[in-house]
Amino acid sequence: MNTFRVKAFGVTKDILGGKETVVEASGKTVADLRSALTEKYPKLVGLRSLFIAVNNSYADDTALLQESDEIALIPPVSGG
Amino acid sequence: MNTFRVKAFGVTKDILGGKETVVEASGKTVADLRSALTEKYPKLVGLRSLFIAVNNSYADDTALLQESDEIALIPPVSGG
Amino acid sequence: MFNQPLENMIKITDKPIDVQKVIETASSLNAGAVNVFVGTVRNNAHGKNVVWLEYEAYETMAVGEIRKIIDDASHRWPLLGWAVSHRIGTLKPGEVAVAVAVSTPHRRESFDACEYIMDTLKEKVPIWKKEVFEDGEEWISARPEVAVNS
Amino acid sequence: MFNQPLENMIKITDKPIDVQKVIETASSLNAGAVNVFVGTVRNNAHGKNVVWLEYEAYETMAVGEIRKIIDDASHRWPLLGWAVSHRIGTLKPGEVAVAVAVSTPHRRESFDACEYIMDTLKEKVPIWKKEVFEDGEEWISARPEVAVNS
């Protein structure tokens, strides 16, 4: 298992019940993390979109994660 | 003959040699005034365009003039 | 920036333009968007150094033509506030020649309305600009051989 | 308004935005045009009265994404100066949420570049807005059934 620390913003902060969570994923890709997250927090599936940022940039589902990465949940943005 | 007082702006002020001129025209339309003006000041023909304003609005060549109208020469505008 | 009642403005002035004032005048509590265009004097044109510019207006007609443009824009976009201020007289490079601001409910219409007002102002409003270079001067766009300035 | 050297700015701040400062920062002596967009909090949304808004940012990433947008815009238009300032925290109706200013040689490109920056900012930059009404609150655009706000 891989342990990732994940920051949450906007509506995902409400869903996770806090600014940060720690998730155990079976693999090392963003897709693996996404599966682990939606299993732990099923309400994430109801969002209009959910991107995952790694080290301050949007990451594809195929990107490989390291446990030291800064990982964040990016629900639909609404700045401006 | 009809006597019209005509204001000049921009490059037409240079061509007329002043802010205002008085022109005698054989008819009462804007076209008549235009003919009298270009005869008196042939350099007006060299402009990229020349509109005539009557009482603070652009006037067609067919518009009828009165001697009491406020008439102005509008060379190509370049505000902004 | 919205603490005054909605009050619109058309101004032809020989004093420096207060851009902040133009924006405040155009702002509205019901608006989500304000677009502002500021036209400034460049320090060069046609590859030559501009020393200064002279702006002249047929003031009464200019105000009337600007009002027509705003009326047209109001029919095309939901303008909640607006302000137009144009400078005349002698301007040095860097100074503000014109400022236009509009406020609308949403952003796209604020860009479209402001650009329409500026485009039409440059086409219709009786204001003239003479560029003064080190070696001469030129009324902009007056003659066919002179490049159109924008 | 051009008395300082060209200095650009990306700012995420919990203090009121100084629009005049944003414009001054974006201005350039070589520019003939400055376009400015100011996004403000409307006093109503979806027919309900907005009491206040909460803006939240993932600040380090937001600054990076804004920088990418400016880089893209710089490749598409001749930007001579620019500034982007976005407010976070609690905002009341009428307050400025975002201000973007760009200066370019001519006016059309200033409108196009500023609109591109705003459109892309709203699409990509990790900033979130929660509207607080008298009878509830809502993270904007988060869920499919909620109307997209612009």
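One can find the structure itself at the top, above this paragraph.
Here the structure is a predicted model, which is why all the values come from computation and not from measurement.

**Topic: the interface of chain A and chain D**
Then, in step 1: Listed per partner, the contact involves 25 residues of chain A and 28 residues of chain D.
Then, in step 2: Summed over both sides, the interface between chain A and chain D buries roughly 2200 Å², with carbon and sulfur atoms accounting for 55% of that surface.
Then, in step 3: Counting the surface chain A buries against chain D, the share from its top three residues, Arg48, Ser78 and Gly80 of chain A, is 28%.
Then, in step 4: Counting across the chain A and chain D interface gives 1 salt bridge.
Then, in step 5: Inspection of the chain A/chain D interface yields 19 residue pairs in polar contact (both at pLDDT 80 or more).
Then, in step 6: Going through the elements one at a time, α1 (11-16), β4 (57-59) and β5 (71-74) of chain A are the ones with two or more residues in the side of chain A that touches chain D.
Then, in step 7: Broken down by element, the side of chain A that touches chain D gets its largest block of residues, 4 residues, from α1 of chain A.
Then, in step 8: Taken together, the residues of the side of chain A that touches chain D sort by class into 13 nonpolar, 7 polar and 5 charged.

**A closer look at the sheet that holds strand β7 (residues 96-104) of chain C**
Within a sheet, neighbouring strands are paired by backbone hydrogen bonds and run either parallel or antiparallel to one another.
Then, in step 1: Strand order in this open sheet of 8 strands is β1(C)-β5(C)-β7(C)-β2(C)-β2(D)-β7(D)-β5(D)-β1(D), and the pairing throughout is mixed. Unpaired on one side and paired on the other, β1 (9-13) of chain C together with β1 (9-13) of chain D mark the two borders of the sheet. Neighbouring strand axes in the sheet, compared pairwise and without regard to direction, differ in orientation by 10° on average.
Then, in step 2: Looking at chain direction, strand β2 (residues 33-40) of chain D and strand β7 (residues 96-104) of chain D are connected through 8 bridges and run antiparallel.

**A word on the packing of helix α1 (residues 19-26) of chain C against helix α1 (residues 19-26) of chain D**
Then, in step 1: Orientation of α1 of chain C relative to α1 of chain D, taken along the N-to-C sense of each, is 130°, at an axis distance of 10 Å. The angle between α1 of chain C and α1 of chain D places the two elements in the oblique class. Handedness of the α1 of chain C/α1 of chain D crossing: right-handed. For the pair formed by α1 of chain C and α1 of chain D, the contact residues are Val19, Gln20 and Ile23 of chain C on the first element and Val19, Gln20 and Ile23 of chain D on the second.
Then, in step 2: Partitioned by chemical class, the residues of the contact of α1 of chain C with α1 of chain D number 4 nonpolar, 2 polar and no charged.

**A look at the relation of the copies chain C and chain D**
Then, in step 1: For the pair chain C and chain D, the best superposition has an RMSD of 0.0 Å and corresponds to a rotation of 180° with a translation of 0.0 Å parallel to the axis. These values place the two chain copies in the arrangement generated by a two-fold rotation axis. Within chain C, Val36 of chain C has its C-alpha nearest the rotation axis, a separation of 2.5 Å.
Then, in step 2: An overlap of 100% is found between the interface residues of chain C and their copies at the interface of chain D, pointing to a shared contact surface.

Thresholds applied
Residues numbered from 1 in each chain as written. Chains lettered and ligands numbered in written order. Predicted model: local features only at pLDDT ≥ 70, side-chain atom pairs only at ≥ 80, totals over all residues. Heavy atoms only, no water. Contact = heavy atoms within 4.5 Å. Buried area = accessible area lost by both parts, 1.4 Å probe. Salt bridge = Lys/Arg side-chain N within 4 Å of Asp/Glu carboxyl O. Polar contact = N/O pair within 3.5 Å; in protein donor to acceptor, adjacent residues only side chain to side chain. Helix = DSSP H or I, 4+ residues; strand = E, 2+ residues; numbered from the N terminus. Nonpolar A, V, L, I, M, F, W, Y, C, P; charged D, E, K, R; others polar. Pairing = 2+ DSSP bridges. Axes fitted to C-alpha atoms, helices over the stretch in contact; angles between N-to-C directions. Parallel < 35°, antiparallel > 145°, perpendicular 65-115°, else oblique. Left-handed = near helix turned anticlockwise from the far one by under 90°. Least-squares fit on C-alpha atoms with pLDDT ≥ 70 in both.

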